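What the coordinates show
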Amino acid sequence: MGMLPNPATVFSSEKRFAIAALLEPAQAIGGDYYDCFMLDEQRLCLAIGDVSGKGVPASLFMAISKTLTGTLTRRQLDLGRAVQELECELNRDNTEYLFVTAFIAILDVVSGCMEYVCAGHDAPIVLRNGELSRIDTAATAGPPLCAAGNFPYLADRVQLQPGDRICLFTDGVTEAWNGARMFTLEGLQAALLASGNAEIQASASALRDAVRRFESGQPPADDLT
């Protein structure tokens with residue numbers, strides 16, 4: 001958990017955008033990760049990932065994935081190529097045959113243009129003027145990292161508008177279980193609408209609380225991010 005950035009601290013003086021993040025592992029050691037950092041004065045990098053498996057191997061793979069994502073997005077201007085190099089490095093010593101779903105994006109905080117690569121991960125939700133939509137990742141999405149090996153990932157772009165709110169999440173949210181059924185994407189969308197225009201950290205906490213209420217005391221089956 002100490003490897004994860006605290007957006008409230010990192011971006012405490014930022015006026016162009018706001019970020020909130022929340023990660024709760026299902027066990028003592030988790031395999032989810034997120035990251036957010038500036039590539040330069042104008043470009044913000046966002047990443048979220050979910051490693052297959054549980055326990056120490058998944059956690060170590062998560063730490064390596066997060067570190068390499070930060071290194072390669074800073075070094076490689078082509079985001080698709082950066083993700084391809086990320087997969088090659090992860091595969092180098094992948095004796096546990098783990099894989100990672102990931103969504104990695106670079107947002108121009110002045111123009112609102114967001115470039116992204118989706119590697120087998122759930123498409124983010126966009127809340128705009130009280131209405132929900134999904135970023136359409138279908139045309140360029142690739143498989144999870146390390147699932148295919150040296151896959152030629154492609155980047156796509158989406159134009160965001162002032163006031164847009166983007167929700168990135170792992171399947172520990174939508175697949176939360178209450179003993180009878182899953183929380184589902186529809187449950188997350190309803191919770192996101194219900195959070196309305198609350199302050200961003202309060203909204204993230206409200207989404208988490210909605211999942212925990214739904215679970216009705218059932219132990220979490222997966223990490224939640």
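This text goes with the structure placed above it.
Here is a short report on the structure shown in this document. Small disclaimer: the values here were computed from a predicted structure and weren't measured.

Describing the layout of surface pockets
Considering only enclosed or pocket space, the largest pocket measures out at about 1,000 Å³ in volume. As for the largest pocket, its lining consists of 42 residues, of which Ala-18, Ile-19, Arg-165, Ile-166 and Ile-200 are closest to the centre. Going through the elements one at a time, β1 (32-38), β2 (43-51), β3 (100-108), β8 (165-167), α5 (184-195) and α6 (200-215) are the ones with two or more residues in the lining of the largest pocket. Of the voids in this model, the second largest pocket is the one considered here, and its volume is about 200 Å³. Of all the elements in the fold, those that place two or more residues in the lining of the second largest pocket are α2 (55-75) and α3 (79-91). Sorting elements by how many residues they give to the lining of the second largest pocket places α2 first, with five residues. A breakdown of the residues in the lining of the second largest pocket according to their chemical character gives seven nonpolar, two polar and four charged.

A look at unusual backbone geometry
A positive phi is found at Cys-146, a non-glycine position, where the angle reads about 80 degrees. Mapped onto the elements, Cys-146 comes out in the loop between β6 (131-134) and β7 (156-159).

Notes on the packing of aromatic side chains
Per the counting criterion, the structure on display carries four aromatic pairs. Taking 4.9 Å as the distance between ring centres and 65 degrees as the angle between the ring planes, the aromatic pair formed by Phe-151 and Tyr-153 counts as edge-to-face. With a relative accessible area of 4%, Tyr-153 lands in the buried category. With 5.3 Å between their ring centres and 65 degrees between their planes, Phe-183 and Phe-214 make a pair best called edge-to-face. With a gap of 31 residues between them, Phe-183 in the loop between α4 (171-174) and α5 and Phe-214 in helix α6 connect regions that are remote in the sequence. Cation over ring: Arg-74 sits above Phe-37, and NZ or CZ is 4.0 Å from the ring centre.

Quick word on the nonpolar core
Counting 29 residues, the largest nonpolar core has Leu-90, Ile-104 and Leu-145 as the members making the most contacts within it. Looking at this core, the elements that each hand over two or more residues are β1, β2, α2, α3, β3 and β4 (113-119). With near-sequence residues (within four places) excluded, Leu-145 lies in contact with Val-83, Leu-86, Glu-87, Leu-90, Phe-99, Val-100, Ala-102, Ala-119 and Tyr-153. Listed in part, the 17 residues of the second largest apolar core include Phe-11, Leu-107, Tyr-116 and Leu-160.

Regarding the pattern of salt bridges
A full pass over the atoms with the stated rule returns 12 salt bridges. As a salt-bridge pair, Glu-14 and Arg-16 come within 2.8 Å of each other at their nearest N and O atoms. Judged by relative accessible area, which is 38%, Arg-16 ranks as partly exposed. For Asp-40, the salt bridge identified is with Arg-43, shortest N-O distance 2.8 Å. Because the salt bridges share partners, they merge into one network encompassing Glu-24, Arg-208, Asp-209, Arg-212 and Glu-215.

A closer look at α5
Look at α5: 17 Å from first C-alpha to last across 12 residues, which is about the 16 Å you get at 1.5 Å a residue. Taken residue by residue, α5 has Gly-187, Leu-188, Ala-191, Leu-192 and Ser-195 as its buried positions. Relative to the axis of α5, the buried residues are bounded by an arc of 135 degrees and lie together on one face. Opposite its buried face, α5 presents the exposed residues Glu-186 and Ala-194, each directed more than 90 degrees away. Those residues of α5 that are buried are in contact with β5 (125-128), β6, β8, α4 and α6. Backbone geometry just downstream of α5 places Gly-196 in the positive-phi region, at approximately 55 degrees.

Describing the sheet that holds β1
Spatially, five strands are ordered β1-β2-β3-β4-β7 in an open sheet, and the strand pairing comes out antiparallel. Only two strands of the sheet have a single neighbouring strand rather than two, namely β1 and β7. Direction aside, the axes of adjacent strands within the sheet are offset by 15 degrees on average. Bridge count between β1 and β2: seven bridges; the pairing is antiparallel. Note that in β2 the partner of Cys-36 across the bridge is Leu-46.

Calculation notes
- Residues numbered from 1 in each chain as written.
- Predicted model: local features only at pLDDT ≥ 70, side-chain atom pairs only at ≥ 80, totals over all residues.
- Heavy atoms only, no water.
- 1 Å grid on protein atoms, 1.4 Å probe; cavity = no way out; pocket = protein on both sides within 12 Å on 5 of 7 lines; lining within 4 Å.
- Points joined across faces, edges and corners; volume = space filled by probe spheres on them.
- Helix = DSSP H or I, 4+ residues; strand = E, 2+ residues; numbered from the N terminus.
- Nonpolar A, V, L, I, M, F, W, Y, C, P; charged D, E, K, R; others polar.
- Phe/Tyr/Trp six-rings, centres within 6.5 Å; stacked < 30°, edge-to-face > 60°.
- Buried < 20%, exposed > 50% of the residue type's maximum accessible area, 1.4 Å probe, protein only.
- Lys NZ or Arg CZ within 6 Å of the ring centre and 35° of its normal.
- Core = buried A, V, L, I, M, F, W, Y, C linked by side-chain atoms within 4.5 Å.
- Contact = heavy atoms within 4.5 Å.
- Salt bridge = Lys/Arg side-chain N within 4 Å of Asp/Glu carboxyl O.
- Expected span 1.5 Å × (residues − 1).
- Arc of directions from axis to C-beta.
- Pairing = 2+ DSSP bridges.
- Axes fitted to C-alpha atoms, helices over the stretch in contact; angles between N-to-C directions.

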